[in-house]
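The chain contents come next:
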Amino acid sequence: MATILGGIFTSHVPAIGNAIAKGLQHDPYWEPFFAGYGPVHDWLHVARPDVAVVFYNDHGLNFFLDKMPTFAIGAAAEYRNSDEGWGLPLFKSFEGARALSGHLVEALVADSFDMTVCQEMLVDHALAIPFELCWPGAEKWPVRIVPIAINTVQHPMPSPRRCLDLGRSVGRALASWTGPERIVVLGTGGLSHQLDGARAGFLNPDYDRYCLDHLGDHPDVLAAQSALDIVELAGSQGVELLNWIAARGALGDHVVEITRNYHIPISNTAAATMLLECREGANLKQAA
Ligand code: DHB
Ligand code: FE
């Protein structure tokens, strides 16, 4: 049976990619942000995942406003990165966990999540930046991936409840997978930020802390809001919190917070990092 080890939640601001490319990790502006990943690296070293299921949103690279699936899942052997306009260096390609993708597709559709299934898929900064943060300097990514893209970009977005339920369905499907994979779940984006419009630059630390405080033990509280409530509270891009809520759902009922970091601002974003370890079924201690 596959082991779900835990979940890593992180902002995916493109400027992080430039900071990494220029080696600015210890620059005073960046240090408080990058320091938050030390405990994540320590945990990954012990946890040794070999597959990452990644909940993220595409920013116009693979999907655009003319064709916007609410929920899409990758079923490819490889996922290439391309630059959707930030001027970032190209990220290494990602190997797909294709058989596991197939199992998730079957299970999700049987569970009434009618996914858009992508046998070819480009992945943008929202998937690649978190990988650079989790596995800095890796010659080859140490995990194969199953990407799951949620529309957090264009109205109407899925409700937080639906996203949590999607994550729970993914969690059940992972639990029924008979392969030996050691799985880490990622949720990327957020926390509060708004890049454009009258509220450009909007941040909401009180709401961000509320989300961080409830994600682990009370995710249903976050799911009781509407997506537009989250836009109001966290900004029009802060609604990327939907990716965090879905990723949380995949971890089961019992998690323990290993670390968190919150730092304002990184670019236009209230940047946050959180690591929740699963305490259900085979946990890290048994698996190590
Ligand atoms: C920024 C944040 C994002 O989530 C994103 O996708 C692009 C830019 C920013 O703060 O600059
Ligand atoms: Fe984003």
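Everything numeric in this text was worked out from a predicted model, so none of it was measured. (Residues numbered from 1 in each chain as written. Chains lettered and ligands numbered in written order. Predicted model: local features only at pLDDT ≥ 70, side-chain atom pairs only at ≥ 80, totals over all residues. Heavy atoms only, no water.)

Q: Could you give an account of the site of ligand 1, with specific residues and numbers?
A: Close to ligand 1 lie 13 residues; His59, His125, His193, Ser267 and Thr269 are nearest. Note that an oxygen atom of ligand 1 is positioned 2.7 Å from one of the side-chain N or O atoms of His59. A distance of 3.2 Å separates an oxygen atom of ligand 1 from a polar side-chain atom of Glu240. Structurally, ligand 1 is housed in the largest pocket. Among the residues making up the shell around ligand 1, the classes are represented as five nonpolar, seven polar and one charged. (Near = heavy atom within 4 Å. Polar contact = N/O pair within 3.5 Å; in protein donor to acceptor, adjacent residues only side chain to side chain. 1 Å grid on protein atoms, 1.4 Å probe; cavity = no way out; pocket = protein on both sides within 12 Å on 5 of 7 lines; lining within 4 Å. Sits in = over half its atoms within 2 Å of the grid points. Nonpolar A, V, L, I, M, F, W, Y, C, P; charged D, E, K, R; others polar.)

Q: An account of the pairing of strand 9 (residues 182–188) is requested, with residue identities and associated values reported.
A: Regular strands show a simple pattern: their side chains alternate between the two faces of the sheet. In terms of burial, strand 9 is a largely internal element, seven of the seven residues being buried. Because side chains alternate across strand 9, one face comprises the buried residues Arg182, Val184, Leu186 and Thr188, and the other comprises Ile183, Val185 and Gly187, equally buried. Taken together, the seven bridges between strand 1 (residues 3–10) and strand 9 define a ladder with parallel strand orientation. When the bridges of strand 9 are listed, Ile4 appears paired with Ile183. As paired strands, strand 2 (residues 51–56) and strand 9 are joined by five bridges and run parallel to one another. Bridging across to strand 9, Val51 finds its partner in Ile183. (Buried < 20%, exposed > 50% of the residue type's maximum accessible area, 1.4 Å probe, protein only. Helix = DSSP H or I, 4+ residues; strand = E, 2+ residues; numbered from the N terminus. Pairing = 2+ DSSP bridges.)

Q: Quick rundown of the sheet that holds strand 2? Include the residues and the values.
A: Read from one edge to the other, the open sheet built from eight strands follows the order 6-3-8-2-9-1-11-10, with strand pairing classed as mixed. The open sheet terminates on both sides in strands that have one partner only, identified here as strand 6 (116–118) and strand 10 (255–266). Ignoring which end each strand starts from, the neighbouring axes of this sheet average 15 degrees apart. The strands that helix 4 (residues 98–110) touches are strand 2, strand 3 (71–74), strand 6, strand 8 (144–150) and strand 9; relative to strand 3, the one it contacts most, it runs at about 150 degrees. Along the sheet, helix 7 (residues 205–215) makes contact with strand 1, strand 10 and strand 11 (269–278), crossing strand 10 at roughly 165 degrees. (Axes fitted to C-alpha atoms, helices over the stretch in contact; angles between N-to-C directions. Contact = heavy atoms within 4.5 Å.)

Q: Let's hear about the pattern of salt bridges: which residues, and what values?
A: Oppositely charged side chains can pair when the atoms bearing their charge come close. Counting across every chain of the model gives 10 salt bridges. The shortest N-O distance in the salt bridge between Arg260 and Asp213 comes to 2.9 Å. Here Arg260 is found in strand 10, whereas its partner Asp213 is found in helix 7, with 47 residues between them in sequence. Using a relative accessible area of 33% as the deciding quantity, one classes Arg260 as partly exposed. The partly exposed category is assigned to Asp213, whose relative accessible area is 48%. Across the pair Arg260 and Glu257 runs a salt bridge whose closest N-O atoms are separated by 2.8 Å. Judged by relative accessible area, which is 37%, Glu257 ranks as partly exposed. One salt-bridge network, held together by shared partners, links Arg161, Asp165, Arg168 and Asp220. (Salt bridge = Lys/Arg side-chain N within 4 Å of Asp/Glu carboxyl O.)

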